[in-house]
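# Notes for the structure review
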Amino acid sequence: MLDYIKSYLTSNLTPGSAGNMFWAFVYIVVIFLGLSVAVIAMNWLERKILAHMQVRLGPMRVGPHGLLQPIADAIKLLLKEDIMPAEADGFVFWMAPIFVVLAAFTVFIVVPFGPTHAVTDMNIGVLFMLGVSSLSALGIVMAGWASNSHYPLIGALRSSAQMVSYEIAMGMAVISAVMMTSLNQQGTGTLSMIGIVQAQQAQGIWFIFKFFPLGLIAFFIFAVAMVAETNRAPFDLPEAESELTAGFHTEYSGFRWSLFFLAEYSAMIAVSSIAVTLWLGGWLRPFPNLLTGAKWDLFFFLFPGITFLFLAGMCFYSTVRMPKHPLFRIQTIGLAGFGVVLGLIGLILFIPAVRERVQDIYWFSMKVAAFMYLYIWYRGTFPRYRFDQLMKVGWKILLPMGLGVLILTAGVGLWPLMQQTIWNR
Amino acid sequence: MGDKAPHRGQHIQVILKDLNRLTDHQLWLGKHTLDIGTITPHVYTFRDREEILKIFEKYCGARLTTHAFRIGGLQYETYDGFEKDVKNFLTFVAPKIDEYEELLTTNRIWVERTKGVGILSGQDCIALGVTGPVLRASGVEWDLRKAQPYANYKNFDFEIPVGQNGDTYDRYLVRMAEMRQSLRIIQQAVDALPEGPIMAKVPKVMKPPVGEVYHSIEAPKGELGYFIVSDGATQHYLLRVLPPSFVNLQALDTMCRGQLVADVIAVIGTLDIVLGEVDR
């Protein structure tokens, strides 16, 4: 057995290759756990950041600065009574949250956290990702229908209409990014998620800056459509509490509800990682071709460690500011311990061998985290669209824009080729 | 009777009334925006409203109802540092109103949600008896503080903000402008706060002459009128109150015609009603 594992560990395999089953399994477990932790962290961060935007404190009681609040919430949700409405369609009601979670998690099979850090390298990665992530609309419709209640049904219909219409604009933006991968000497494009990032590396430019402002517009369309796709503010109509109570998950409670929650947040992370992969250079560090030289190399070498040390410093600062009361002793120790853990991670990241291994994952996560912050920021700032306005934005603004960008990208991309074939003849 | 409140009493009344107008508009803004789906302005307005409520609490002990108004003036003299508190509040709140406007006035989604929603023409307003900011947003320049000056509002320099289209966005703009005008009034009142008594000499037992009287003031939500019939006794024979929320709510039907269901929530929010006042 050990020899078997050892043979995998020593062989240098890329994701998706036939002998990589072992690593694929490891990555599935790691991603599953990592995603759950990320959603829990995201829960805390959203409440905390939103609170600070709104001159509140947010959770402060459970653990230092409410750090254990999401865990307390999870325990509460698990212990809650699991209510199924008497008139509900039991099997579909039971299936719906599982379906949504499955769709949200399956997407991560093709997400490349690094050139070798992925479960698999599918040659149709982008298509797979779009297809599977849109399956969650089916789960939402199932939930709304099976609840056998007014609000969930209307919420589910709204949600599916919204997801379907924004997927088209999203697709247009994605195609224009995929087309940019084919602008190399060989003219070979790719749909593989790893291939797309490698194309950005080879061309020496992130696709957001490619054919300025075409890449930027395509990115903008995707950035709007992905918020609508995940039913978040300002497009959170399926959950508009002033109109529909809680939308499709009105009748869900306890653990089933938390599955929807988990699915929503992992869907957010999933679409953010598509955006990062297609336009923001995936796992590449910022501006690898512009900010070159020893100084920048050193800066980006130290950066991951410094961020963690900064977080550790924040923890220690808060520890010092904790009230000097015996009741707060455990919280103070806990916060200091958390700071020590973060500081140790920061210090470990300064070791070149470790840093080489994890820097791709670090940069990818940082970019996704920026999108997560944007999601919270939108929620704190924008009012909610009305449904007809939402449809208008999707069909009348984003779709024509997407088509225009698609055609222009194709034209600009083919321009050198046309020059060669027409004028040089 | 004719016992007018002394100068100082009237000034303090004006300060309290317009602080009250500010709290009302802030509460309205918070709840209205919350209905339309933005969750942040509501917390901001509550933060700033708290400062007014603190002044009220220090002045008379009650946070929401300033129960110091009496026939002939005020029951309580101001506490030490009242002027300073009000002045501090004015400098504190002026940039905060800009902050609300920054979040909303040019916000594309906010404008789309409110512009052209729940249009009420000036004629409709008058026919339905709608008063207050809702009436003024429809282009009718009618403010009882100017039209039938009570207290000593005629001594203060302020403008009546008026809208043009009578839609939800205009009502929002009118109320925001009214907040600024209220600040102006309070500033003038507190700058020129005279010395002297706060209460006129009023007999312990009052025997009003036989007859009836109607008097109304410009409450934050609209015209608040009191109709009193007296038979010469110390107690009133009949008392009827004209509440602005009850009257303004009648416009809901006219405003919702031809609108979407999702707009109803915006229209109810823009009327600024208190249901306790409606359901009596």
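Just so you know, these numbers come straight off a predicted model, no measurement behind them. (Residues numbered from 1 in each chain as written. Chains lettered and ligands numbered in written order. Predicted model: local features only at pLDDT ≥ 70, side-chain atom pairs only at ≥ 80, totals over all residues. Heavy atoms only, no water.)

Residue and element names in this part refer to chain B. The three strands lie next to each other as 3-4-5, forming an open sheet whose pairing is antiparallel. On the outer flanks of this sheet lie strand 3 (211–219) and strand 5 (238–242), each paired with one strand and no other. Strand after strand, the sheet turns through a mean of 10° between neighbouring axes, direction not considered. Bridge count between strand 3 and strand 4 (residues 222–230): nine bridges; the pairing is antiparallel. In the strand pairing of strand 4, V213 is matched with I228. (Pairing = 2+ DSSP bridges. Helix = DSSP H or I, 4+ residues; strand = E, 2+ residues; numbered from the N terminus. Axes fitted to C-alpha atoms, helices over the stretch in contact; angles between N-to-C directions.)

Residue and element names in this part refer to chain A. Geometrically, the link from F212 to P213 is a cis peptide bond, its omega value of 5° lying close to zero. Look at F211: it is not a glycine, yet its phi comes out positive at around 50°. With respect to the helices and strands, the residue F211 is situated in the loop between helix 8 (193–203) and helix 9 (214–229).

This next bit is on the interface of chain B and chain A. Taken together, the 22 residues of chain B in the interface contact 21 residues of chain A. Across the chain B/chain A interface, buried area totals approximately 1900 Å², and carbon plus sulfur atoms make up 55% of it. For the chain B face of the interface with chain A, the top three residues by lost area are I39, I109 and E112 of chain B, together amounting to 29%. Across the pair D263 of chain B and R386 of chain A runs a salt bridge whose closest N-O atoms are separated by 2.9 Å. At the junction of chain B with chain A, the criterion picks out nine residue pairs in polar contact (both at pLDDT 80 or more). Among the secondary structure elements, those contributing two or more residues to the side of chain B that touches chain A are helix 1 (7–36), helix 2 (40–60), helix 4 (108–114) and helix 11 (261–271) of chain B. At five residues, the largest contribution of residues to the side of chain B that touches chain A is made by helix 4 of chain B. Classifying every residue of the side of chain B that touches chain A by side-chain character gives twelve nonpolar, four polar and six charged. (Contact = heavy atoms within 4.5 Å. Buried area = accessible area lost by both parts, 1.4 Å probe. Salt bridge = Lys/Arg side-chain N within 4 Å of Asp/Glu carboxyl O. Polar contact = N/O pair within 3.5 Å; in protein donor to acceptor, adjacent residues only side chain to side chain. Nonpolar A, V, L, I, M, F, W, Y, C, P; charged D, E, K, R; others polar.)

So, on to the packing of helix 5 (residues 125–134) of chain A against helix 6 (residues 136–146) of chain A. All names here are of chain A. Across the interface, helix 5 lies against helix 6 with an axial gap of 4 Å and an inter-helix angle of 5°. Considering the angle they form, helix 5 stands roughly parallel to helix 6. Residue-level inspection shows V132, S133 and S134 of helix 5 in contact with helix 6, the latter providing S136, A137 and L138. Taken together, the residues of the contact of helix 5 with helix 6 break down into three nonpolar, three polar and no charged. (Parallel < 35°, antiparallel > 145°, perpendicular 65-115°, else oblique.)

For the rest of this paragraph, the subject is helix 13 (residues 329–348) of chain A. Working note: α-helix, 3.6 residues per turn, so residues spaced by three or four point in the same direction. All names here are of chain A. Here helix 13 is 20 residues long and its end C-alpha atoms lie 28 Å apart, about the 28 Å a rise of 1.5 Å per residue gives. Buried residues of helix 13: Q331, T332, L335, G339, L342, G343 and G346, and no others. Buried residues of helix 13, seen end-on, are gathered within an arc of 110° and therefore sit on one face of the element. Exposed and oriented more than 90 degrees from the buried face of helix 13 are R329, I330 and I333. The secondary structure elements touched by the buried residues of helix 13 are helix 12 (294–321). (Expected span 1.5 Å × (residues − 1). Buried < 20%, exposed > 50% of the residue type's maximum accessible area, 1.4 Å probe, protein only. Arc of directions from axis to C-beta.)

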